Every structure is written in structure tokens, then in C-alpha cells.
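Fold and contact review
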Amino acid sequence: MGSSIIPFPELNLFPHSTTIKPKLEPIDEHNFLQPPQQPYIQNPNPNLNPNSPPNTQSNSNPNPNNVLQVIPNYNQDQNENIYSEYYRISELFNSAFGKGLQKIGNDGEINEVDVESRAIVPVLEQNQLSTETVTSRRRYQQRSSELVRVTDLSAEDERYFRDVVRRTRMIFDSLRVFSAFDDEKRLGLGLGRRTRCDLRTARAMKERGLWLNRDKRIVGAIPGIEIGDVFFFRMELCVLGMHGQAQAGIDYLTASQSESGEPIATSVIVSGGYEDDEDAGDVILYTGHGGQDKNSSRQCVHQKLEGGNLGLERSMNYGIEVRVIRGFKYEGSASGKVYVYDGLYNVVDTWFDVGKSGFGVYKFKLIRLGNQPEMGTAILRFAQNLRTLPLAVRPTGYVSLDISMNKENIPLFLFNDIDDDQEPMYYDYLATTVFPPYAYQIGGKGCDCVSGCFDDCLCALKNGGEFAYDRNGLLVRGKPLIFECGPHCHCPPSCRNRVSQKGVRNRFEVFRSRETGWGVRSLDLIQAGSFICEYTGVVLTREQAQIISMNGDSLVYPNRFAERWVEWGDLSQVFSDYVRPSYPSIPPLDFAMDVSRMRNVACYMSHSSCPNVLVQLVLYDHYSVSFPHLMLFAMENIPPLRELSLDYGMADEWEEKLPICN
């Protein structure tokens, strides 16, 4: 590539050292291989003036007909690796980038470069991408050294990338749960030792080319990642391209990768790992990396202006914003911590100072850009206060502090600060579904386990020889039907195969929404694969439903729910021999549920074609496969106060509208 239009100065006065100590986080002390280059999008010409702060609201591109060029993978099936390769999207980025686009000839060489394309950082010729087929050895390829910024996506584009990220995260979450489940089996047989399942998962996805954003190093917001998104593992940030360092707190383009020889920082993780850090939310005094004692957060030597420290200084010089991810301890997290994406910040000042331990440290002042959604960490703190002191936090708006009237394990709030509607108060709360009496007359046999169930017990055999949940109660993979231990079993209530029958475990709030009428949100952070609640109602046969529907009563048809359970645990992108579960098989659901007078919190969940909640059929209190319980599980990590949604499916011959109670 030709010379850059950015006036990068020489840095002969800055100290040079070949040894750089990364800014390590307190808990993440495990080494991991560098992530592979992941095919993404071919965009050498983002719309960016590197000498000016980014405009987060508009794009100055005068030519709306420019489109993004895509490097296809010619030798792979078009449906393969959809979660890892952003192809077939040549029409997605109209007016998103600068007016110049690189021309790729038939031979795969770049024939022309517009000098006004204003790429953030130039790329050396040897680092340019080619159209060669990506093989299984892609895991040895390094991250791209070209920086791009993505701006002004249409609503359709945002939905597309959000779905790509959602599916990639679902693979990570379900594969990690599966790895933990596999660990349990091996340890039970006395084979091997416990492993870091997040590292195993990331490594497996890397080897199969499922890491995102490897082809381009994105500056600013990552398409498909929203402010407030929560992650339980650092490695998930690497998989998504949010933060490419498995341990270091500053992610940056190294000087050796840049044609100008200058590092550029793209993201930082703020987790209080350094004693001189100060975090006030919108303003952060961030301590540079290096010089820290490995056994504590205290400084033991002076820091140097090199590596990530120099990258932050250069980002300040060119007005390049950085992503800020905050990490902190969180009760109930699988890793002991959570990482929350809090948006974009500008580095506005830097200086060398004497730290609390008496050694020199570099300080960086970061200020959050305006016109962004509220920080995710602020929402987490707000939700935490709501859980304990709801009336103190929200003096007005609460209609009831428990619409279940003590029928659930945890109170269910009802909140409305929009109008005077109190409709949910007019229904009797139904904690579990009411089935016809003859459903309980079908005979069956439970397990004879006494202290707890194992993989060779009768209930495990009903599920195909293994349990559907891990020891933390997370759904390992979706199935047509799950048999839980029930009243006919001899195992104790603490049995690992008794999950959904125990009722609500999180604190939920039914709230009035201008968009959906009524909605449901959690005050707790819900981990992907966790049980949420049952979708309850009074079960009616088809004949009864036809009569009841004449009165205009609210009916829900379980056979209309989209089979989203097939997506949870779908590891066909990871294992070539993966087969979708088909056992236990059940007949088509031929009943309806009346929720016109009795219902529960699930009835207020809104419909979405991109839901965060799935329906899993479960049996535990009877053996009639024609009348299963509709149990709801989280498809992704759901932050507090984010609305829960279901895919209700399309209307069938029974009725001409979606069965949404709202």
C-alpha cells in the first residue's frame, strides 16, 4: 500500500525496548495463543479524518452509491462458517465509508487505491489480504494490521450484524457449557483434570475459523455489539474482536505492524488492577501498563512510554477513540467476574507522574463521548439497588411489589410510569400449568436413585443416556423433550435433574412499555442456558379451544412457538459429525392454553424474530408426552433491565394472528 496521508512524526526521542510487560488483570493469569486472522470484510477505505474526533451521528460521505467490497471464500460451501465470515454483504455498507475503494483484480491483486480514502493506518504490501482460499491453517495467521471504522449502518445492517454476533456468542456459550459437561464426565471416571473451559472453547472456535473481526481491526464501535452487553469471560472478548489481548489491559496495533512505526490503541479494560487507577464513570484516569509486581497491584519499577502506553498517547494525538470494557467481581458469575462494554472514550490528556508506591507511572485521562446509551455498569448498579430498595430508588411507578401473591419463590414487581393501566393485577397468578386430569393417568416409572442421579439411572436413559443439564443447572443442549425427575422418583429435591420444576429464581419485573404494551425484564444478570420460568396457562384440547376462541378469550398455541431449542447447543460449526437431537421424539402438540383469566409472568414477554429466550418442552409430574410443560431458558447472557423476548412463531389454521397476550 502507498504512503499514508497521516503525518506520523518520527519518535526518535521516545525510549525503545524489546521487552514489554502487559497490563495484566488480577484474575486472568492464563496464557493463550494469539488469535487467528478471521475473514471479515474488505474495507480499506473507512470514512475517517484521523486528525479530528469521530462524528458519532453522521457520515460526511457525499457518494451514497459506494459499496463495500467483499473477499469471498471460493472453495467453501456458501452456508459454511456463516458465524465467522462476513460475506455476501456487498450491499450492506452504502455510505458507510470513504469514497475510494480498493479494486481487486481477477488475479487477486489490489490494482488501485484512492489516495483520499483516509484509512486510519496504512498497511504494508506484505500484509495485504489476498483472495486465496482460507484453509484449516488459518489459525496460524495473525490479526490484520489495518484499522477501519464502521459508521452509519442502516437498521437492516445493524440487525444483520447483531444476529451474527448473537449466533457466535451462542456457539461460545453452548460450547463452553458442553465442555464443562464433558469435564464432569471425565472427572467422574477419574480421567484427566479440570480444565479452563473458556480457553478450550476459544481454542476450538479459533481452529475452525469462528473468531470474528480478524480480517480488519475495527476502531470504535464493533457492529453487532451494543453498549451494556455483558461477558463472563475475557476470551469471549477475543473471539468477538472486542479486545484482542487475552491478558493485557490495552489492546493496540503494534509498532512493528504499522508502516509508520507507531502503535495505535483501540480498546482498554478497566478493572482496578492498578493502584493508581481512578474511575468516575464518564471520566477515567487510567494507569499505563508495566512495572507492576506480579504478586500484587503495587508498582515496583518505573513505567516506559512504549507498547500500549505509547499506543494510547498516539490515539490521543490523532483523535482516535478507544473502546472501554469494565471488569469487576460479580456474585454468581461462572468466572467470578463480568466484563461490560461501556462505550467509546477519547484520550484527552497524558502525563508522567509518581504513583502511590513511589515509582513513575503514565496517566491517561479518558472522557466518554456524548450521545451514547447509558453505561452498562451504571445499569448494573441501578438494578442492584432496585433488588433491595425498589421504593427508595423509584418512589413512583410501582403498582405492586409481588403480582404472584407469594406463589413464586421470589416476588414479581409490576411497574408502570407511563399511564394508569393496571391490567396484570386483574388476573389470577398461575405458577404452573393446569393439565387435563387424564394426562396424569398414563402410567410410568421413576428412578430408584437415593442420594442423587447418575448417567446410568432410568431418567438419564429416558433422555438418551445423559442428563440435559450440567451441575450448575445450565441447559447443555436443546432437545425435542426433556424428562426431569419427578414425584415418582426416589432421588432428593437437590437432584441435578430437577431444574425447571423449582420455579422462578430471578427477580423479574413486568413493566409498561410504549413499544410492546407490557414487557418483562430481569433485575438480575441471567447467564446463557439458565432456566427462567414456565409459560403457564390452562390446557385445552383443540375442540375446547375452538369453543373458547369464539368468546374472544386469549389463547396461546404451543405448536406455533418457533423451535429455537435447536439453536442452543448446535455445534455443527465445531464438530463435523454433529447431529441435531431427535430423541426423545414427541407427537405434534395439539392443544391450546387459555390465559384469559389465569396466567404468569411469561405471558407478558414480547414477540421477537431475534429472541433471547427459547421454549424447551419438559415432563416431570406426569408421563403424557402429548402435554409437556413449556419451560423457558436464556439463549444468551441477558443483562439486568434488558427486555426478555420470545419467538411466538407464525399463525396457523387455528387463528390469523400471533398469540401475543399483549
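The rules behind these values
- Residues numbered from 1 in each chain as written.
- Predicted model: local features only at pLDDT ≥ 70, side-chain atom pairs only at ≥ 80, totals over all residues.
- Heavy atoms only, no water.
- Helix = DSSP H or I, 4+ residues; strand = E, 2+ residues; numbered from the N terminus.
- Buried < 20%, exposed > 50% of the residue type's maximum accessible area, 1.4 Å probe, protein only.
- Contact = heavy atoms within 4.5 Å.
- Areas by Shrake-Rupley, 256 points an atom, 1.4 Å probe, with all protein chains shown as cover.
- pLDDT = per-residue confidence, 0-100.
- Pairing = 2+ DSSP bridges.
- Axes fitted to C-alpha atoms, helices over the stretch in contact; angles between N-to-C directions.
- Phe/Tyr/Trp six-rings, centres within 6.5 Å; stacked < 30°, edge-to-face > 60°.
- Lys NZ or Arg CZ within 6 Å of the ring centre and 35° of its normal.
- Core = buried A, V, L, I, M, F, W, Y, C linked by side-chain atoms within 4.5 Å.
- Expected span 1.5 Å × (residues − 1).
- Salt bridge = Lys/Arg side-chain N within 4 Å of Asp/Glu carboxyl O.
- Disulfide = S-S within 2.5 Å.

When you go through the protein residue by residue, the secondary structure sums to 8 helices and 27 strands. The 662 residues of the protein split such that 58% are buried. A fraction of 74% describes how many contacts in the protein between residues 6 or more apart in sequence connect residues 24 or more apart. Counting only carbon and sulfur atoms, one obtains 50% of the accessible surface of the protein, whose full area is about 28,200 Å².

For the rest of this paragraph, the subject is the confidence of the model for the protein. A residue-level look at the protein finds 75% of positions with pLDDT of 70 or above and a mean pLDDT of 78. Here strand β2 (residues 110-112) stands out as the element of the protein with the lowest mean pLDDT, 34, in contrast to strand β26 (residues 629-634), whose mean of 98 is the highest.

Spatially, 4 strands are ordered β13-β14-β17-β18 in an open sheet, and the strand pairing comes out mixed. The sheet terminates laterally at β13 (398-400) and β18 (517-522), the two strands that pair on one side only. In this sheet, adjacent strand axes meet at a mean angle of 30 degrees when their direction is disregarded. Examined bridge by bridge, β13 and strand β14 (residues 413-415) share 2 bridges and lie antiparallel to one another. Residue pairing in the sheet places S400 in a bridge with L414 of β14.

Taking strand neighbours across the sheet as the criterion, the 4 strands line up as β16-β25-β26-β19 in an open arrangement whose pairing is mixed. Only two strands of the sheet have a single neighbouring strand rather than two, namely β16 (482-483) and β19 (531-535). As defined by bridge partners, β19 adjoins β26 across 4 bridges and the pair is classed as antiparallel. Among the inter-strand pairings, E534 is bridged to a residue of β26, identified as M631.

Its location among the elements puts S624 in the loop between β25 (613-619) and β26. Once residues lying within four places of it in the same chain are set aside, the contact partners of S624 are A439, I442 and L619.

This structure, assessed with the given rule, holds 15 aromatic pairs. Plain terms: the ring middles of Y535 and F561 are 5.6 Å apart, the flat faces sit at 65 degrees to each other, and that makes the pair edge-to-face. Highlighted residues: Y535 in strand β19 and F561 in the loop between β21 (555-556) and β22 (591-594), separated in sequence by 26 residues. Residue class for Y535 comes out buried when judged on its relative accessible area of 0%. Taken together, the ring pairs in this structure connect F435, Y438, F591 and F627 into an aromatic cluster. Sitting over the face of the ring of F511, R521 holds its NZ or CZ atom 3.9 Å from the ring centroid. Here R599 stacks its cationic end above the ring of Y427, 3.9 Å away from the centre of that ring.

Nonpolar side chains in soluble globular proteins tend to be buried together. Within the largest apolar cluster, 42 residues are counted, with the highest numbers of intra-cluster contacts made by F508, I532, Y535, M605, L632 and L646. Where this core is concerned, the elements lending two or more residues are β17 (508-513), β18, β19, β22, β25 and β26. Sort the elements by how many residues they give to this core and β25 lands first, with 4 residues. In contact with L632, other than residues within four places in its own chain, are S530, F531, I532, C533, Y535, A602, M605, V613, L614, V615 and L646. Counting 23 residues, the second largest nonpolar core, distinct from the first, contains V230, F233, V239 and L525.

Considering the arrangement of structural elements, one finds L312 in helix α4 (residues 307-318). For the pair L312 and A265, spaced 47 residues apart in the sequence, the C-alpha separation amounts to 5.1 Å.

Once that is clear, we can look at helix α5 (residues 376-388). Helix length check: α5 (13 residues) gives 19 Å between terminal C-alpha atoms against 18 Å at 1.5 Å per residue, within 8%. Taken as a whole, α5 has its buried residues at G376, T377, A378, L380, A383, L386 and R387. Those residues of α5 hidden inside the fold are in contact with β10 (322-329), β11 (337-354), α6 (390-393), β13 and β14.

If you check α4, its first and last C-alpha atoms are 17 Å apart, about what 12 residues at 1.5 Å a residue would give, namely 16 Å. Most of α4 is tucked away: 10 of the 12 residues are buried. All of the buried residues in α4 are G307, G308, N309, L310, G311, L312, E313, R314, S315 and Y318.

Now for the pattern of salt bridges. Once the charged atoms of two side chains with opposite charge are near each other, the side chains can pair. The full count for this structure, using the stated rule, is 32 salt bridges. R169 serves as the salt-bridge partner of E236, at 2.7 Å between the closest nitrogen and oxygen. Within this pair, whereas E236 is found in helix α3 (residues 234-240), its partner R169 is found in helix α1 (residues 155-188), the two being separated by 67 residues in sequence. Judged by relative accessible area, R169 falls into the buried class, the value being 8%. Put simply, R580 and E563 hold a salt bridge, and the shortest N to O gap is 3.0 Å. Note that R580 is positioned in the loop between β21 and β22 and E563 in the loop between β21 and β22, a separation of 17 residues in sequence. Take E563: its relative accessible area is 48%, and that puts it in the partly exposed class. Taken together, the shared-partner salt bridges in this structure form one network comprising D163, R166, R167, R564, E567 and D647.

On to unusual backbone geometry. In this model, Y583 is joined to P584 through a cis peptide bond whose omega is 0 degrees. Relative to the assigned elements, P584 resides in the loop between β21 and β22. In this model, M405 sits at a positive phi of 55 degrees, which is unusual for a non-glycine residue. Here M405 lies in the loop between β13 and β14. Despite not being glycine, L641 shows a phi value in the positive range, around 70 degrees. You can see L641 is positioned in the loop between β26 and β27 (645-646).

This part takes up the state of the cysteines. A complete count under the given rule lists 0 disulfides for this structure. In this structure C453 is not part of a disulfide, and its nearest cysteine sulfur, from C495, lies 3.4 Å away. Overall, the relative accessible area of 6% leaves C453 in the buried class.

This part takes up the pairing of β22. Neither face of β22 is left uncovered, since the one carrying F591 and M593 and the one carrying A592 and D594 both have all their residues buried. By the bridge criterion, 4 bridges tie strand β20 (residues 538-541) to β22 in an arrangement that is antiparallel. Bridge pairing in β22 links V539 to M593. When β21 meets β22, the two strands line up antiparallel, connected through 2 bridges. Paired with L555 across the bridge in β22 is D594.

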